[in-house]
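# Residue-level structural notes
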Amino acid sequence: MSKLQKLFDIIAYVNTKKYFTARDIADNFNISIRTAHRYLSELDTMGVPLYTETGRNGGYRVLSGRTLPPIIFTEDEALAIFFAFQSLQYYESLPFEVDISSASRKIMLKLPDDVKVKIETLKSSLIFWHRKREINTPLLHDLIQKAIEKKPIKIQYYSHGKLTDRIVCLIGVYSNENLWYAPAFDYEKQEIRLFRADKINKIESYTGNLQPIEKNLIDLLYSYDIKEPVRLFVKLTEKGITMCQENPYFNDCIKNSNNDSGGYMGLSS
């Protein structure tokens, strides 16, 4: 990492702190305390509003009410952010209100002319493509808020042609193939069920005496417990291996044959 990039990273770090020491900077950025003091001195020269407190328990503070210099991205960082915004255009619903076109224009306005030319060229050569789905999920933001609160709620869910009321505790919300899903603990079924977020028609508070479920979404997604496994052994040609490798769920299951004429896939599902 270049010195300039490290200085900008330190600006971002101190902007989140009310109080910090040179030791904090040294530990977080893997530099010596002497170098940390030198960097902080350079930031002060650049206009970062630092206040130094001397003495045994001294350190640094960012003066309140002052504006920090803007964060400057490297070219690769700017390109990554721009194309990340572009990839969001394939979603009909997002968990936050944002105009993708407006956000992209704001990024473009701040870029040097040569980088703008590079982006315009890349736009015809690089696309993070997803299948566009015209499925609106109007309660997406509310679902995420309820998942954060981790409290039992009442939802109205449409499934198999009928509406049902469920008392659930949302674990989180995730996207797969441009659809939004909300795994939740169903108190009636006494198990975790997976709900399509766009099929949740109503969310209401629940005032009953039920305990919230403390379950982490990441742990849930990566620790799926197969209760009744069905074991499969599939022989594959070379073309079959190539096609299966396009599906991330099969990657860990594919084995090549020793004679390079295909392979096999062992599955438990």
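Each remark here, short or long, concerns the structure printed above.
To start, this report covers the structure provided alongside it.

### Regarding the overall build of the protein chain
Along the protein chain, the regular secondary structure elements total nine helices and eleven strands. For 269 residues, the compact-globule estimate of 2.2 N^0.38 gives 18 Å, and the C-alpha radius of gyration of the protein chain, at 26 Å, exceeds that figure by more than 25%. When the 269 residues of the protein chain are sorted by exposure, 34% land in the buried category. Contacts spanning at least 24 positions in sequence make up 54% of the contacts within the protein chain whose residues lie at least 6 apart. Accessible area for the protein chain stands at about 18,300 Å²; split by element, carbon and sulfur atoms hold 50% of it. In the protein chain, the 36 positive side-chain charges and the 33 negative ones have mean positions that sit 3 Å from each other.

### Details of a nonpolar patch on the surface
Taken together, the side chains of Ile218, Leu221 and Tyr222 present a nonpolar region at the surface, about 360 Å² in accessible area. With respect to the element layout, Ile218 can be found in helix H8 (residues 217–221).

### Description of the pattern of salt bridges
This model, assessed by the stated rule, comprises six salt bridges. Taking the shortest distance from any N to any O, the salt bridge between Glu149 and Lys146 comes out at 3.7 Å. Note that Glu149 and Lys146 are positioned in helix H7 (residues 140–149) at a spacing of three residues, about one turn of the helix.

### Describing helix H5 (residues 100–109)
Along H5, the residues classified as buried are Ile100, Ser102, Ala103, Ser104, Ile107 and Met108. Against the buried residues of H5 lie helix H4 (75–87) and helix H6 (113–122).

### Details of the packing of aromatic side chains
The full count for this structure, using the stated rule, is eight aromatic pairs. With a centroid separation of 5.4 Å and 85° between ring planes, the pair formed by Phe82 and Phe83 is classed as edge-to-face. We note that Phe82, like Phe83, is buried. Plain terms: the ring middles of Tyr174 and Tyr181 are 5.6 Å apart, the flat faces sit at 25° to each other, and that makes the pair stacked. You'll find Tyr174 and Tyr181 in the same group, each marked buried.

### Quick look at helix H3 (residues 33–46)
Under the 1.5 Å per step criterion, the end-to-end length of H3 is 20 Å for 14 residues, consistent within 8% with the ideal 20 Å. Where H3 is buried, its residues meet helix H1 (3–14), helix H2 (22–29), strand S1 (50–53) and strand S2 (59–62). With its phi angle positive at about 110°, Gly47 sits one or two positions after the end of H3.

### Some points on the state of the cysteines
Applying the stated criterion to the full structure yields zero disulfides. Cysteine Cys253 shares no disulfide, and the gap to the nearest cysteine sulfur, in Cys244, comes to 9.4 Å.

### Thoughts on the packing of H1 against H2
When two helices pack together, you describe them by how their axes are tilted relative to each other and by the distance separating the axes. Their axes nearest at 11 Å, the elements H1 and H2 cross at an angle of 125°. Comparing their axes, H2 and H1 come out oblique. Judged by the sense of rotation from one axis to the other, the crossing of H1 with H2 is right-handed. Of H2, the residues touching H1 (which contributes Lys6, Asp9, Ile10, Tyr13 and Val14) are Asp24, Ile25, Asn28 and Phe29. Looking at the contact of H1 with H2 residue by residue, the class counts come to five nonpolar, one polar and three charged.

### Topic: the packing of H2 against H3
Interhelical geometry of H2 versus H3 gives an angle of 110° and a closest axis separation of 8 Å. If you check the angle between H2 and H3, you find them roughly perpendicular. Touching Ala22, Arg23, Ile25 and Ala26 of H2 are Ile33, Ala36, His37 and Leu40, all from H3.

### Notes on the nonpolar core
With 20 residues, the main nonpolar core has Ile10, Phe20, Ile25, Leu40 and Leu43 as its most contacted residues. Looking at this core, the elements that each hand over two or more residues are H1, H2, H3 and S2. Once residues within four sequence positions are removed from consideration, Phe20 is found in contact with Val14, Ile25, Leu40, Leu50, Gly59, Tyr60 and Val62. Within the second largest apolar cluster, 19 residues are counted, among which are Ala147, Ile155, Leu170 and Val173.

Rules used in this analysis
- Residues numbered from 1 in each chain as written.
- Predicted model: local features only at pLDDT ≥ 70, side-chain atom pairs only at ≥ 80, totals over all residues.
- Heavy atoms only, no water.
- Helix = DSSP H or I, 4+ residues; strand = E, 2+ residues; numbered from the N terminus.
- Rg over C-alpha atoms; globule rule 2.2 N^0.38 Å.
- Buried < 20%, exposed > 50% of the residue type's maximum accessible area, 1.4 Å probe, protein only.
- Contact = heavy atoms within 4.5 Å.
- Areas by Shrake-Rupley, 256 points an atom, 1.4 Å probe, with all protein chains shown as cover.
- Lys, Arg positive; Asp, Glu negative; His and termini not counted.
- Charge placed at Lys NZ, Arg CZ, Asp CG, Glu CD.
- Patch = residues over 30% accessible without salt bridge, like charges linked within 9 Å, V, L, I, M, F, W, Y side chains within 5 Å.
- Salt bridge = Lys/Arg side-chain N within 4 Å of Asp/Glu carboxyl O.
- Phe/Tyr/Trp six-rings, centres within 6.5 Å; stacked < 30°, edge-to-face > 60°.
- Expected span 1.5 Å × (residues − 1).
- Disulfide = S-S within 2.5 Å.
- Axes fitted to C-alpha atoms, helices over the stretch in contact; angles between N-to-C directions.
- Parallel < 35°, antiparallel > 145°, perpendicular 65-115°, else oblique.
- Left-handed = near helix turned anticlockwise from the far one by under 90°.
- Nonpolar A, V, L, I, M, F, W, Y, C, P; charged D, E, K, R; others polar.
- Core = buried A, V, L, I, M, F, W, Y, C linked by side-chain atoms within 4.5 Å.

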